[in-house]
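Reading the structure
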Amino acid sequence: HDLKNSLAGMKLSACLLQSRLADLPPRCAPLVENIVNASERMLTFMQEFLANQCAEQLQLKSVAVELSKVAAKVAANHQPAANVKKITLTTHLPKDAVFVKADPEGLSQTLENLVSNAIKFSSEGGEVEIAVEPPMAGMVKCFVRDTGPGFTPEDRTKMFRRYGRLSAQPTGDEPSTGLGLSIVKRLVEAMCGTVILTENSGVGAEFVITLQIANSKNVTT
């Protein structure tokens, strides 16, 4: 955590320098850009390592959480990243509130990882969608779809392993630790849910998270 804070401070300082390049000698511009990019990559790695440790040790709660509200917030958080790559990020959510049994932080982190990956591995001009289905048979399904390269048969055998290196590469030189999907699986299973990658012979990927429906009483937002 101390290292993460130091990296965050380094990145902030570099970004301030970047915003004042007009006051600096021209030769400083590429140097400042290198510092910004390097600190961003290191900070991302550190955040994923900490998330992995947290997923192993965290005692998750089981409370009623409004799934659509979490999905909408995650979409809003990732809209700037989608805009940079000209990716269309959409949500398809039920009109009525849908509550699931989950841990608020665990659910948010799960969707953050899936949406972040979808944007990271999609090419410029692609599409990413978050959808929530109405409850059925006591369960609720949430989908994260993209138009990226998808997964090979070999990828499918190791995609939920820690540090599993898959065939696809980030399309915008974003960092990737191989931890995101393993964190997703551990968090979802800790919330008594399931996560699968649907069979898809075409381009793109579709992850489906299934969680138990919850009573709207004692809602956590």
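Look above for the structure.
Overview of the structure. (Residues numbered from 1 in each chain as written. Predicted model: local features only at pLDDT ≥ 70, side-chain atom pairs only at ≥ 80, totals over all residues. Heavy atoms only, no water.)

Attention now goes to the sheet that holds strand E7 (residues 205-212). Overall, mixed pairing links the 5 strands, which are arranged E2-E4-E5-E7-E6 in an open sheet. The sheet is open, and its two edges are formed by strand E2 (88-92) and strand E6 (194-197), each paired on a single side. Each adjacent strand pair in this sheet contributes to an overall mean axis angle of 15 degrees, direction not counted. In this structure, E2 lies alongside strand E4 (residues 127-132), joined through 5 bridges in parallel fashion. (Pairing = 2+ DSSP bridges. Helix = DSSP H or I, 4+ residues; strand = E, 2+ residues; numbered from the N terminus. Axes fitted to C-alpha atoms, helices over the stretch in contact; angles between N-to-C directions.)

The next subject is unusual backbone geometry. The general pattern is negative phi for most residues beyond glycine and trans for most peptide bonds. A positive phi is found at Lys86, a non-glycine position, where the angle reads about 55 degrees. Assignment of secondary structure puts Lys86 in the loop between helix H3 (67-84) and E2. Positive phi, close to 60 degrees, is recorded for Cys192, a residue that is not glycine. Relative to the helices and strands, Cys192 is located in the loop between helix H6 (180-190) and E6. For Cys192, a relative accessible area of 55% puts it in the exposed group. (Buried < 20%, exposed > 50% of the residue type's maximum accessible area, 1.4 Å probe, protein only.)

Moving on, we get to the pattern of salt bridges. In total, this model carries 4 salt bridges according to the counting rule given. Linking Glu189 and Lys185 is a salt bridge whose minimum nitrogen-to-oxygen distance equals 2.8 Å. Within this pair, Glu189 and its partner Lys185 are both found in helix H6, separated by 4 residues, close to a single helical turn. With relative accessibility at 43%, the residue Glu189 sits in the partly exposed group. Its relative accessible area of 28% is what places Lys185 among the partly exposed residues. One salt-bridge network, in which partners are shared between bridges, spans Glu129, Arg145 and Glu206. (Salt bridge = Lys/Arg side-chain N within 4 Å of Asp/Glu carboxyl O.)

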